[in-house]
Amino acid sequence: MLKEQAMSVVFDGNPPKAMQSSHGVTPQNAPSAQELAQEIKSFISGIDISQGRKLSVREHARCAVRLLRSVPACRGAVLEHLRGVYDEHVSAFLHNLETEGGGGSTGVSSNLEDIIQEVHGVLSEFIRLNPRAWAPLVSAWAVDLLGQLSSKHAGRRASPHSSSLNELLQLWMSCAATRSLMEAYSQCLAAMLAWCPDACVDALLDTSVQHSPHFDWVVAHIGSAFPGTIISRVLACGLKDFCSHGTKDQGLLVGGGDKGSRVPKIGSVVGILGHLAAHHSDSIRRELLRMFQESLSPSTPLSPNSSASSWESSSQLRRAAVPFLLQLAALSPTLLGAVSAELVELLRPPVLLQLQASLQGFPREELDNMLGLAVHLISQSPSGGARVLRFLADTATPASVIISGPTPSPHEGVREACDRLLQMLLLHLHKLVYNRSDGGEGNSHHSMSTQPQRVIPFLEELQAHVGELCAETLRLERKRHLWLHQLLCLLSVYGGPSIATEALCQLLTQARNPEELALAWQLHTPLSACLPGLIPAAVSRCVAQIHTHILGPRQLRQLLLNLAAAIQSQDEERRGGAGAQSSMALQVGSAVSGHLHDFCPLLLHGDPVVSHAAVRLLSSSPLPRTAPPAHLLLLCRAAVTHFFVALRRRGEGGKVGRDGGQAGEAVNCSVLLLARLAAYSTLTLKSMLQQLVEGALHKGNAELFGGQIADMAGDPPLSPSLSPDLGASLLDINCRFGTTVNFSGSVWSVFHAGVIGKGLKVRTTKLVPDPAGVIQNIQTLLAVTVQCCSSSSPNGSFNGSRHPASDPKEPSPINAEAAKVVAMTLVENICPDVANGELSWPPEEHARTTMERDIHIRRSFEAHPVLFPLLHVVAVGRPALCYCSAVLRGLLASLLAHWEASREASAKDSPWHLQASCLLVSCMGEGQLLPPVLGNVHEAFHYLTPFEVRLLLLAVWEYVRGNGPMPQKFIFNSDRGLFCRDFSRDGDVARYVAPIHSVLHKNIDRLGHLCWRFQL
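Draft legend 1. Main features of the overall build of the chain. Scanning the chain from N- to C-terminus turns up 46 helices and 6 strands. Scored against the burial criterion, the 1016 residues of the chain give a buried share of 49%. Partitioning the contacts of the chain with sequence separation of at least 6, the portion at a separation of at least 24 is 74%. For the chain, the computed accessible surface area is about 47100 Å², with 56% contributed by carbon and sulfur atoms.

Structure, rendered in C-alpha cells:
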C-alpha cells in the first residue's frame, strides 16, 4: 500500500497528505493501510469484506469514490467502473421519463445522483490542482463516455431524433450524469487551451466520427462555449488528418462519395462546423479565409498563443490547405456559401499569383482534380454566383491588343487557368442542365417534363441577374460575350419559359445595333426546339414593361425600333433566302399584331423619338386577321392624331434646321400606317377619313394648312391686344355670337358687326404661314386621303365599285363610298345644320333666306384653304359630290352676291373670290354635276368683269337647279371602274349656254382662243 502511495506521488506530483487534505481527509481521519487494503478488495470483488455480503450499486460507487480520493493511482479502474454507474443513472432517468412523463426521479436514479455529484466534485478538484496530469485523462474519459451514452440510448422512446439538436441538447443537459460529464470536459478544455488544445480536440473529433450523429449535441454545446478555439482547432486537426491520409493514398483529393472512409475526421469537421454555423457563421468564415490566406503567405514566426504543433509552421500542411478547403466546401454547402462571396473579393492579382505559385508543385492529375472540384463547387454555390461569374469573365477575358502587344501578359498563366475553368464550368453546366432528370440526352426534354429535376444552385442564383447578364453579353467583348451568351442559353433552358422570356425581352430592349440584335435571334434558335411560343411570350413581356412604365424613353424607343427592325428583316431575308430569321420575323410580326392596341398609345408619347419609333413599328407590323372594333377605332384615332403631330414637328424641325430627316421619316411612316389601316376594313376606312377631315379643319391644326382660326360665326377672333378684358360680364357673353343658337334662314338671324358703344369688331392680324410648308402639308394630306380612298380592302370592294386600273402606272380610282365619307364629313364640319339635307337646288332668289348660312360657308372656305383640295378629291370619286350639294349651293350663292355687289373693273380685283369661283366650277365639272360646256366656263373668268362672271355663275346655278345633283343619275362603267353621268338624258343644254355665247361674242378679242371649249 505504501508502494502504491509512492507511485501516486510520482504520478501526480502531489504528496499524499496534500491530496488528502485537499479533499477533507486530514491525517487524523485518514484511513489506515489495512482499511485501504480492505477497500481495494471490496472494490475489486464487489463484496463487503467485513460483513460478507454483496455491495449494492450505491455502496460500490461510494467505495470507488473513496478510492479515487485516497488512492489516485486507482483512477483508471475507478473511472472505468464509474462508466457503469453513469450508464445506470442515464437508464433510470430515461425510464422515468418514459413511464412517469418526467414527474421526477426515483429509485436508483435518485440514489446515484449524489454519488455523481460527489464524483464530479472530486474530479473537478483534481483538475483544478493538477491540470496537466488530470485534464487529458478526464477529458478523454468524459468525451468517450458521452459518446457511448448518446449512441446507446439514441433509440429510446424518450430520446428525440438526432436531427432535433435543440431538443436533444435539452434532454441530455437535464440529466445529472451527462451534465456532469459535459461540465468536466469543459473544465478540462479550458485548462488545456493554454498548452495542449490538440489532444482535447482530437478526442472530440475521434468520438464525433465514431458516434455521429448522436454525438452532435455534445459538439454543438462545446463549440458554443468555445467557438474560437473549437473552430480553429477543428480546422487544424482536420487539415492534419487530411494531409496524412492524402500522403498515404498518393493523392490529396478524392471523390465525395467515399471521403468519409478514406479521411475519417473530415466528415466530423464538416458536422461540427455545420452545427456551429447557425450562431457562429462569422467566426467560421473568418477562420476559413484566414487559413486560405495563411496557406499562401510566407511562413511567419509562431505567435505566443500558437501551439507548438500549429499548422502554419509546416510547409506540407500549408501546401495541403487549399485542397483541404476545397474538399471541405464540397462536403458542406453551408461552408461553401459562407466563404464564396468574400473569397472572390480576396482573389486580387497578387493573391492569384501567390495561388498559382503554390499550386505549381502539384502533379497534373491532382491539378485537374482540383479544377474539376472547383467547377463542381461553383455550380453548387448557393450565393455569390454573379460575383464569381464576373470574376471569372474579367480574369479570363483576353487583354486588349493595344495593352498587351506582342509580349505576353505577366498574368497569362492565371488568365489561361480562368479561361479553362470557365469553359469547364460551361461544359459542366451544360451536362447538368440537359441531364437533370438522369435521362439520356436524346430524350432529355421529355424526361425533364415527367421527372423531378435537380436544382443547380449557381443557375438558381443567376436567375435574379438576367438583366445584368444580358447587358454584359451585349457589350460584344471578344470571347466574353460568347461565354455569357452560352451561359444565358443554359440559364434559359434551366429556368424554363419565364427566364427564357425575360432573357429574350432584355436583349430586345437593350440591343442598340443589328449586331447586338442578332444575339437575340441566336438565343432563340436553340431555345425554339424546347420552348415553343417564346417570341409571343417575350413580346407580351415587353408590353407589360410598357404598361408598368419601368422603361425610360431611350429604352422604350430602342425596344420599339428593335421590334420594327425584326419585322422589317422579313422582306430582306426573303430576298436573301435565309429562312430561319425570316421565320422569327414572322413570329415577331404576328406577336406584335396581337398587341397593336397596346402599342398605339405610344404614338401620342410626349417624347418625339418614342412616337417616331412607335409609328415605325406599327407601320411595318402586319395587321391581325380579326380585331375588336374598339381596338381598331382606338388605333385609328391615335394614328390620325400622330399624323398631324408629325406634320407639326416636321414644320418646326424645318424652321430650326434640325431633325428634319427624322421628322420627314415619321410623316412617311404615319402615311403608310394610315393607308394600311384604311385598307383593313370598311370600319377603319370610314373612321380614318372622317378623323382626317375633322383633324384638318380643327382649330389646333388649321394653321398647318394655311388656315385661320375662326370662331363659330366664321369671324376671326379679336386681337387680344385690341380687345380689353371687360371681366366675366353677362353682356360680354351675350354679345358673343357663338354662344347663341344658330337660327340660320329664319327671321331671327342677326349680323354682329360690333358692340354698340365699342365700335366695329377689330380683326386680328393674320399670321402669314410658311407657303412652302403649307403646300407640303396640303400635298401630304391629299396624298394620304387619296391613298386611303384608293386602297383595296381585304374584304373586297365597296358595292362592287372597285375596278383595277388597266395601266399599272395609272393610280387606282377613288372609291365612291370612301369619297362619300369625305363629303359627308365636310358637310358636317362646314355647315352642321344642313347635314343630310335636300340635294336639289332652289331658285336663285331663295338664297336671300339663307344669307347668314351662306356667309358662314364662304368664311369657312376662306379660313381653310384645304377645303377646295378636299372638295376636288370628293369630285373625283363620283357621285360623292352630290352629297356636298348644300355646301356648293351656299358657296355659289355667296359668290353670286359678291359679284353682284362688286363695282370693280375686272374680276381680278377680287382675287380670292375669283379663285373660289374657278375652283368651285372646276370641282362641279369634275364631279359631273355640270356638262363639259358649263364645266369649262371658269377658264374665262380671268378675262371678264364681275358682272359677266355673275352671268356665267347664274347659268351654272340654273342648270344645277333644273338638273338636280342626284346620285341616281350616275351609272357605273365597268370598263373604267368609275361612275359616269349621261348628260344626254338631261334634256337640251343649249338654253343654259346662251349667256356664255353672249359673253364670248362681247369679248371675242380676248376669248377667241376659248370658243372651241364651249361648243355643244
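Draft legend 2. How the structure looks around the environment of Lys431. Inspection of the secondary structure assignment puts Lys431 in helix 21 (residues 412-434). Each C-alpha atom, one on Lys431 and one on Leu490, is 9.9 Å from the other, the two residues being 59 residues apart in sequence.

Draft legend 3. Expanded view of the packing of aromatic side chains. This structure, assessed with the given rule, holds 8 aromatic pairs. For the ring pair Phe126 and Trp134, a centre distance of 4.3 Å and an interplane angle of 25 degrees mean the geometry is stacked. In this pair, the class of Phe126 matches that of Trp134, namely buried. Each member of the aromatic cluster is reached from another via a ring pair, and the members are Phe643, Phe644 and Phe705.

Draft legend 4. View of the confidence of the model for the chain. Taken residue by residue, the chain gives an average pLDDT of 77. The fraction at 70 or more is 79%. Across residues 793-806, confidence stays below pLDDT 50; counting only partners more than four residues off in sequence or on other chains, it has 33 contacts.

Draft legend 5. Quick look at the nonpolar core. Counting residues in each nonpolar core, the largest one holds 285 residues, and the members touching the most others are Leu328, Leu459, Phe599, Leu826 and Phe941. With 13 residues, helix 14 (residues 264-296) is the largest single contributor of residues to this core. Every residue in contact with Leu826, bar those within four places of it in the chain, is listed here: Val693, Leu697, Leu867, Leu870, Leu871 and Val874.

Draft legend 6. Molecular detail of the environment of Gly496. Take Gly496: it is sitting in the loop between helix 25 (478-495) and helix 26 (497-510). Measuring from C-alpha to C-alpha, the distance between Gly496 and Leu531 comes to 7.5 Å, with 35 residues separating the pair along the chain.

Draft legend 7. Structural detail: the packing of helix 21 against helix 25. At a minimum axis distance of 10 Å, the contact between helix 21 and helix 25 shows a crossing angle of 20 degrees. As the angle between them shows, helix 21 and helix 25 are arranged roughly parallel. In this structure, helix 21 meets helix 25 at a crossing whose hand is left-handed. Along the contact surface, helix 21 presents Asp419, Leu422, Gln423, Leu426, Leu429, His430, Val433 and Tyr434, while helix 25 presents Lys479, Trp483, Gln486, Leu487, Leu490, Val493 and Tyr494.

Draft legend 8. Quick peek at unusual backbone geometry. Residue Pro879 is bonded to the preceding Arg878 through a cis peptide linkage, with omega at 5 degrees. Topologically, Pro879 is positioned in the loop between helix 40 (867-876) and helix 41 (885-901). With a phi angle near 55 degrees, Leu476 is a residue other than glycine that sits in the positive phi range. Positive phi, close to 60 degrees, is recorded for His549, a residue that is not glycine. Positionally, His549 belongs in the loop between helix 28 (534-548) and helix 29 (553-576).

Draft legend 9. Molecular detail of the pattern of salt bridges. As enumerated under the stated definition, the model contains 27 salt bridges in all. With its nearest N and O atoms 3.7 Å apart, the salt bridge here joins Asp114 to Arg62. Linking Asp114 in helix 6 (residues 108-129) with Arg62 in helix 4 (residues 57-70), this pair joins segments that are 52 residues apart in sequence. On the basis of relative accessible area, Asp114 is assigned to the partly exposed category, the value being 29%. According to the relative accessible area criterion, Arg62 is partly exposed, its value standing at 25%. Here the salt bridges share partners, and the residues they tie into one network are Arg390, Asp394, Glu472, Arg475, Glu477 and Arg480.

Draft legend 10. Local environment of the layout of surface pockets. The volume enclosed by the largest pocket comes to roughly 1200 Å³. Looking at the largest pocket, it is lined by 39 residues, and the ones nearest its centre are Leu355, Leu359, Leu371, Ala374 and Leu421. Counting only elements with at least two residues in the lining of the largest pocket, the list comes to helix 14, helix 15 (315-331), helix 16 (333-346), helix 17 (349-359), helix 18 (364-379), helix 19 (385-396) and helix 21. Considering every element that reaches the lining of the largest pocket, the biggest residue donor is helix 18, with 8 residues.

Draft legend 11. Structural detail: helix 39 (residues 851-863). When the terminal C-alpha atoms of helix 39 are compared, their 18 Å separation across 13 residues agrees well with the 18 Å that a helix rising 1.5 Å per residue should span. Among the 13 residues of helix 39, 10 are classified as buried, and the element is accordingly described as predominantly covered. Contact partners of the buried residues in helix 39: helix 38 (816-830), helix 40, helix 41 and helix 42 (911-926).

Draft legend 12. The packing of helix 19 against helix 25, seen in detail. Relative orientation of the contacting elements helix 19 and helix 25 amounts to 150 degrees, with a least axis distance of 10 Å. Comparing their axes, helix 25 and helix 19 come out roughly antiparallel. Viewed along their axes, helix 19 and helix 25 form a crossing whose handedness is right-handed. Residues Leu389, Arg390, Ala393, Asp394 and Ala396 of helix 19 form the contact with helix 25, whose participating residues are Arg480, Trp483, Leu484 and Leu487. Across the contact of helix 19 with helix 25, the residue classes tally to 6 nonpolar, no polar and 3 charged.

Draft legend 13. Representation of the pairing of strand 6 (residues 978-981) in the model. The sheet contact formed by strand 5 (residues 970-973) and strand 6 spans 4 bridges and is antiparallel. If you follow Phe972 over to strand 6, its bridge partner there is Phe979. Turn length for the strand 5-strand 6 hairpin, with the two strands adjacent in sequence and antiparallel, is 4 residues, and the turn residue Gly977 shows positive phi of about 75 degrees.

Draft legend 14. The arrangement of the state of the cysteines in detail. As enumerated under the stated definition, the model contains 0 disulfides in all. With no disulfide of its own, Cys505 lies 3.3 Å from the sulfur of Cys542, the closest cysteine sulfur. No disulfide involves Cys789; its sulfur sits 6.8 Å from the nearest other cysteine sulfur, which is in Cys788.

Draft legend 15. Region of interest: the side chain of His612. Within the element layout of this structure, His612 appears in helix 32 (residues 608-620). A relative accessible area of 8% places His612 in the buried class. If we skip the residues at most four places from it in the chain, His612 touches Gln662, Glu665 and Ala666.

Draft legend 16. Quick look at the side chain of Gln558. Looking at the element boundaries, Gln558 is found in helix 29. If we skip the residues at most four places from it in the chain, Gln558 touches Leu508, Thr509, Ala511 and Arg512.

Thresholds applied
- Residues numbered from 1 in each chain as written.
- Predicted model: local features only at pLDDT ≥ 70, side-chain atom pairs only at ≥ 80, totals over all residues.
- Heavy atoms only, no water.
- Helix = DSSP H or I, 4+ residues; strand = E, 2+ residues; numbered from the N terminus.
- Buried < 20%, exposed > 50% of the residue type's maximum accessible area, 1.4 Å probe, protein only.
- Contact = heavy atoms within 4.5 Å.
- Areas by Shrake-Rupley, 256 points an atom, 1.4 Å probe, with all protein chains shown as cover.
- Phe/Tyr/Trp six-rings, centres within 6.5 Å; stacked < 30°, edge-to-face > 60°.
- pLDDT = per-residue confidence, 0-100.
- Core = buried A, V, L, I, M, F, W, Y, C linked by side-chain atoms within 4.5 Å.
- Axes fitted to C-alpha atoms, helices over the stretch in contact; angles between N-to-C directions.
- Parallel < 35°, antiparallel > 145°, perpendicular 65-115°, else oblique.
- Left-handed = near helix turned anticlockwise from the far one by under 90°.
- Salt bridge = Lys/Arg side-chain N within 4 Å of Asp/Glu carboxyl O.
- 1 Å grid on protein atoms, 1.4 Å probe; cavity = no way out; pocket = protein on both sides within 12 Å on 5 of 7 lines; lining within 4 Å.
- Points joined across faces, edges and corners; volume = space filled by probe spheres on them.
- Expected span 1.5 Å × (residues − 1).
- Nonpolar A, V, L, I, M, F, W, Y, C, P; charged D, E, K, R; others polar.
- Pairing = 2+ DSSP bridges.
- Disulfide = S-S within 2.5 Å.

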